[in-house]
Amino acid sequence: MEVKLLTEHYSDDNYRTLEGYKAKGGYEDLAKAFKMKPEDIISEVKASGLRGRGGAGFPTGVKWGFLPNNGETRYLLCNADEGEPCTFKDRMMMERAPHQLIEGMIISAFAVNSPKSYIYIRGEYVYATRVIEKALKEAYDAGLLGKNIMGSGFDHDMDVYVGAGAYICGEETGMISSLEGKKGQPKLKPPFPAVQGYLKKPTIVNNVETLAAVKYIIRDGAEAYKKHGTEKSTGTKLFSVAGDVNKPGNYEVPLGYPMIDLINNECGGMKNGKKLKAAIPGGTSAPILNAEEVERATLDYECLAEMGSMLGSGSIVIMDETRCMVDMLKVIAHFYHHESCGQCTPCREGTGWLHKLVSGVVNGTAQVSDIDLLCEVANKMKGRTICALSDAAALPVLGIVPKFRDEFQFFIEQGYSKVQGRANA
Amino acid sequence: MFELSTEGKEFVKKELARYETIESAIIPALYRVQKENEGWVSEDAIGHLSELMNIPEARINEVFHFYTMFNKKPVGKYHVQVCCNVACAMAGTREIADAFMKEHDVKEGEMTSDGRFTFTRVECLGSCDTAPMMQINDDYHENLTPESAQQLLKDLK
């Protein structure tokens, strides 16, 4: 069953305007937050168990707690560089509920005492950027941004920064580099952004969905928020579902929701009555699950980690029995090769090798021993680089190849896809 | 020699003052050049920006070459970017992209001889529930079929 906190008013076209948003109680939670002490808001967010919704799943309140008390200017950066393939939840939120994000951000900025925030939006999201810019103007005109917001004595400025096409800028330190006007290359951690981020100042980077969720934690209280989800994975989560289902789209369900129920109920089941073969549970970086695993998977951080995969950004790709796993991996490997920033050798070279090896399977130049080589290269890419892109490129290989090894072997030996036959060779 | 319009120069000056560091204005300035230069950024525009922004050419080039949305050579009036990532590939965009290039007899990234189109295969554009999809200039076109995609190009003026 869907539980709609963040998505409750998505179908209301007027909700994207300040007037429509206020009619549904918009900015009342900000007024409530202003009556609280900033440290109490942080405690509430910590108590709620909210974890980063962008992919890493780090506890939000804990992240905020890393800020040093050294009197330096603190920045809040909203990560709206939604680039993980098959994720489209943040775009939809910005387009349908821009003020919800802005309100969540002002509350968060007040909690961490930040005078300035940026929403870093990926360059391709032209329409979402327009909607956000319009909403920001409305908020400024209504005194919800700027000096002495709602008479609270709190000053805050918010601006938009538009990226220019680089997946790596979704990595928080890559995003900071980009905002500073440099190549979007990640930086070594530590120091973590909370200590030394944008312009070497303390910076909190949170995902769109995370910041919007803060509003509901303030509205309902941590205890009520925790009633959704499981003990360790609290709250609701947006899932972007694509692929071979009847009704792809964004769905908000409590964490811990059975994956197969999401497919059969919310998504209307498999398209054309085909059989489920596999699913990617959390963006293409997340190792694939086979049909049997999908049957018993629940959508929470713990269950998917136990299955050797991850919840990631919450983007799910459903694949039916007609899908060739060699072909799927080729598409995925191409992506990471294209997006490696080139800074670290294992990633720069490794992503190229992965793409070359899997292309070799399709082109007929591979040997059976290349199957093991694929895994060997992937294993050597893990945990050896500045950021997680290298791991993100290696993990899908280590998921798909062992689980569907027969398809790779067949393709190499026969010269065509085991699943799709000679027609697509 | 490329030079921004008076309004363009004003825009860049405002951007230089908008952020905490002037370098943050490089991306917005490059977008502006692209907008005023038929969709691409020429080498001489980098020199122009360097002078206008008082930032070394090498710093601007570093940004210019890193990001894929800055076009390094002329593009057609319609830049057709077909998403070929997982969900769209599953829905048939690779075939749509191939058909476009075959029909117009161009390779990926090349401009058609009449200057109307440039076709590129791109990575996920975040509209997977409406796959297959593509972006033409700033606009998304979703839930395509091979036929509707062809028709869409024909209907462009």
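For the structure, check the block above.
None of these values were measured; they are calculated from a predicted model.

Let's talk about the overall build of chain B
The number of helices and strands found in chain B is 7 helices and 4 strands. Secondary structure elements in chain B, listed N-terminal to C-terminal, are α-α-α-α-β-α-α-β-β-β-α. For the C-alpha atoms alone, the extent of chain B along its principal axes is close to 50 × 35 × 25 Å. Sorting the 157 residues of chain B into buried and exposed places 55% on the buried side. For chain B, contacts bridging at least 24 residues in sequence account for 61% of all contacts bridging at least 6. Accessible surface computed for chain B: about 7400 Å², of which carbon and sulfur atoms make up 50%. Taking the average place of the 17 positive charges on the side chains of chain B and the average place of its 27 negative ones, the gap between the two points comes to 2 Å.

Quick notes on the sheet that holds strand 9 (residues 289–290) of chain A
The sheet built from 5 strands is open, its strands ordered 6-5-11-8-9 (chain A) with mixed pairing. Unpaired on one side and paired on the other, strand 6 (249–254) and strand 9 of chain A mark the two borders of the sheet.

Looking at the interface of chain A and chain B
Counting residues at the interface gives 55 residues for chain A and 36 residues for chain B. Interface of chain A and chain B: buried area, both sides summed, is about 3500 Å²; carbon and sulfur atoms make up 57% of it. Counting the contacts that link chain A with chain B gives 21 residue pairs in polar contact (both at pLDDT 80 or more). Mapped by element, the contributors of at least two residues to the side of chain A that touches chain B are helix 5 (89–96), strand 2 (116–121), helix 7 (126–141), strand 3 (157–162), helix 8 (172–179), strand 5 (236–243), strand 11 (315–320) and helix 14 (325–339) of chain A. For the side of chain A that touches chain B, the element with the most residues is helix 14 of chain A, which contributes 8 residues. Among the residues forming the side of chain A that touches chain B, the class breakdown is 29 nonpolar, 13 polar and 13 charged.

A few points about the pattern of salt bridges
Residues and elements named next belong to chain A. Enumeration according to the criterion identifies 39 salt bridges over all chains in this entry. A salt bridge links Glu223 to Lys226; the nearest nitrogen and oxygen atoms lie 3.9 Å apart. Placement of the pair is Glu223 and Lys226 together in helix 10 (residues 222–226), with a separation of 3 residues, close to one helical turn. The partner of Lys277 in a salt bridge is Glu407, and the shortest N-O contact between them spans 2.6 Å. Note that Lys277 is positioned in strand 8 (residues 276–280) and Glu407 in helix 18 (residues 405–414), a separation of 130 residues in sequence.

Thresholds applied
Residues numbered from 1 in each chain as written. Chains lettered and ligands numbered in written order. Predicted model: local features only at pLDDT ≥ 70, side-chain atom pairs only at ≥ 80, totals over all residues. Heavy atoms only, no water. Helix = DSSP H or I, 4+ residues; strand = E, 2+ residues; numbered from the N terminus. Buried < 20%, exposed > 50% of the residue type's maximum accessible area, 1.4 Å probe, protein only. Contact = heavy atoms within 4.5 Å. Areas by Shrake-Rupley, 256 points an atom, 1.4 Å probe, with all protein chains shown as cover. Lys, Arg positive; Asp, Glu negative; His and termini not counted. Charge placed at Lys NZ, Arg CZ, Asp CG, Glu CD. Pairing = 2+ DSSP bridges. Buried area = accessible area lost by both parts, 1.4 Å probe. Polar contact = N/O pair within 3.5 Å; in protein donor to acceptor, adjacent residues only side chain to side chain. Nonpolar A, V, L, I, M, F, W, Y, C, P; charged D, E, K, R; others polar. Salt bridge = Lys/Arg side-chain N within 4 Å of Asp/Glu carboxyl O.

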